[in-house]
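Okay, here's what each chain looks like letter by letter:
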Amino acid sequence: MREILPALRRWYAGGEPFGLATVVSVSRSAPRGPGAAMAVGPGEEVVGSVSGGCVEGAVFEMAREVLADGAARLHTFGYSDDDAFAVGLTCGGEITVLVRTVSPGTDAVFGAVADSVAAHRPVTVATVTDGPAPRGATLAVWADEAAGSLGSEGLDAAVAADARGVLAQGSTGMRHYGPRGQRREDDVSVFLHAFAPPPRMLVFGAIDYAAAVARIGDFLGYRVTVCDARAVFATPKRFPEGVEVVVDWPHRYLDRTETDARTVICVLTHDPKFDVPLLEQALRRPAAYIGAMGSRRTHEDRAERLREAGLGEEQLARLRSPVGLDLGARTPEEVAVSVAAEIVALRWGGSGAPLAETAGAIHPGGPAPGGAVSGGSAPGGSAPGGSAPGGSAPGGSVSGGPVRGGTGTPAGSAGA
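All of these numbers come straight from a predicted model, not from anything done at the bench.

Engineer: Any chance you could break down the sheet that holds strand β11 (residues 200–204) for me, citing the residues and the numbers?
Structural biologist: If you trace the six strands from one edge of the open sheet to the other, you get β13-β12-β11-β14-β15-β16, paired in parallel fashion. A strand with exactly one partner marks an edge of an open sheet, and here the two such strands are β13 (244–247) and β16 (319–320). Of the pairings in the sheet, the one linking strand β12 (residues 223–228) to β13 comprises four bridges and is parallel in character. What sits directly across from T225, in β13, is E244.

Engineer: Report on the side chain of E342, specifying residues and quantitative values.
Structural biologist: Among the structural elements, E342 can be located in helix α10 (residues 332–348). Filtering out sequence-adjacent residues up to four positions away, E342 remains in contact with Y289, R320, V323, G324 and L325.

Engineer: Quick rundown of the sheet that holds strand β4 (residues 73–78)? Include the residues and the values.
Structural biologist: With antiparallel pairing, the five strands of this open sheet are ordered in space as β3-β2-β1-β5-β4. Pairing within the sheet leaves two strands with one partner each, and these edge strands are β3 (46–48) and β4. Taken over all neighbouring pairs, the strand axes of this sheet differ in orientation by 20 degrees on average, direction set aside. Looking at chain direction, strand β2 (residues 37–40) and β3 are connected through three bridges and run antiparallel. Within β3, the position partnered with M38 by the bridge is G48.

Engineer: So, the pattern of salt bridges: which residues are in play, and what are the values?
Structural biologist: One pass over the full model with this rule turns up 25 salt bridges. R252 is the partner of D248 in a salt bridge, and the nearest nitrogen-oxygen pair spans 2.7 Å. For R256, the salt bridge identified is with D248, shortest N-O distance 2.5 Å. Bridged by salt links that share partners, the residues E44, E61 and R64 form one connected network.

Engineer: I'd like to hear about the pairing of strand β6 (residues 123–130), residue by residue, with values.
Structural biologist: Summarising burial for β6: seven of the eight residues are buried, a large majority. Alignment of β6 against strand β10 (residues 188–195), held across seven bridges, turns out to be antiparallel. Following the sheet pairing, V123 is matched in β10 by F195. Judged from the four bridges that link them, β6 and strand β7 (residues 138–141) form a sheet pairing that is antiparallel. Paired with T124 across the strands is V141, a residue of β7.

Engineer: Please provide a residue-by-residue account of the environment of M38, values included.
Structural biologist: Checked against the element boundaries, M38 lands in strand β2. Since its relative accessible area comes to 2%, M38 is described here as buried. In this structure the C-alpha to C-alpha distance between M38 and G48, which are ten residues apart in sequence, comes to 4.2 Å. Sequence-distant contacts of M38, that is, excluding residues within four places in its chain, are made with I4, G19, L20, A21, V46, V47, G48, S49, V50, E56, V59 and F60.

Engineer: Would you mind going over the confidence of the model for the protein in detail, with residue names and values included?
Structural biologist: Scored by pLDDT, the protein has a mean of 84; 82% of the residues are at 70 or more. Looking over the protein, one finds the lowest element-wise mean pLDDT in helix α4 (residues 153–169), namely 89, and the highest in strand β14 (residues 264–267), namely 98. Between residues 81–86, whose pLDDT stays under 50, and residues either more than four places distant or in other chains, the model counts three contacts.

What counts, and at which threshold
- Residue numbers here run from 1 along each chain, matching the order of that chain's written sequence.
- Residues qualify for local features only when their pLDDT is at least 70, as the model is predicted, and side-chain atom pairs are given and counted only at 80 or more; totals for whole chains, interfaces and linings, by contrast, use all residues.
- Calculated side-chain values reflect all of the structure's heavy atoms, with hydrogen atoms and water omitted.
- Here the rule is simple: two strands pair whenever DSSP picks up at least two bridges between them.
- Only DSSP runs of H or I with at least four residues qualify as helices, and only runs of E with at least two residues qualify as strands; both kinds are numbered from the N terminus onward.
- Residue contacts are counted whenever heavy atoms from the two residues lie within 4.5 Å of one another.
- Only C-alpha atoms enter the line fits that serve as axes; for helices the fit covers just the stretch in contact. Angles between N-to-C directions range over 0 to 180 degrees.
- What makes a salt bridge here is a side-chain nitrogen of Lys or Arg within 4 Å of a carboxyl oxygen of Asp or Glu, nothing more.
- Partly exposed describes any residue whose relative accessible area lies between the buried limit of under 20% and the exposed limit of over 50%, with all areas from a 1.4 Å probe on protein chains only and scaled to the type maximum.
- The predictor rates its confidence in each residue with pLDDT, a number between 0 and 100.

Listed below in structure tokens is the structure:
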């Protein structure tokens, strides 16, 4: 929902009802994950997507019906062997979508939830999808308060406790309860949608490649910060709107910045006086991805300096260097795609191989390696999560040490 939030907040503030469709469960090769959202607002304006185009027409009609009679609807879309091109998922997956009306009169807590998501204040929204409880009823749960109701005090209490748990994990999914919140019953289905703050991408080195990486990081749903000690390069006008630009020594900035298992760190400074102190710190703290630009010779020199600083081979094995997947990239934008591809592959355990050469599900289910999916509904429908620090490289590491084949440096800089 995060990507369509501006439109939803505008409609809600204006008292305009809208139909909100949310993916609440998926199976097999579904194109969008739980939490993906689409809304139909005033004048039948449509924002968002629940399936990448497969069932949006049918969901649009459901939203019109919901706006007309106010009754929330739940529908499962799947593949039809008899007619693969009828309304359904031709990819072979299955998604269940809840459509409900949202307005100040039908959902009094939506405004507070939207404000929290916009301000990066963690909140979980619990919504009844099925069973002997009001379908579409919502309960918003923050770390220290809750608002709304699912129909009974017992159900509210049980769901609030679970909602705080998934908020801490950053996960999203279905839970089942008895009508009064009984743990051993499953009559009532409740969708818990956690909106944790977006994961961070820290880009060090305000060069042209940093601008391209920052742009694609923002597109992927990261909260991006670019840091460089050189004020002449670290200027906001050189970077996309919304990207934070900091003038400071990279290692000093990282020292005062919190990271977690979802954080992406891209070191593009390509200068030992910046790289080594920064990487010495980065490789000792939690992060989903730590990549450094440079040729293979630069990497070997950098790795030896880090060993002299006291880092062990297990810590060095976390370093993705040369940075990126081997796409033959040359321009800053192409290098950024290469880096983003490696981040996504590591996050979800992808091989980096062409899909035409692989078998099995294209959109495998389950959480990201190393933990639950985090960040709520990021652009694209899924929350940017992360592998546990030190996760294996897509396709495994290159024998002989921590070097991973990648894009490395710009064309012409090999052997620098």
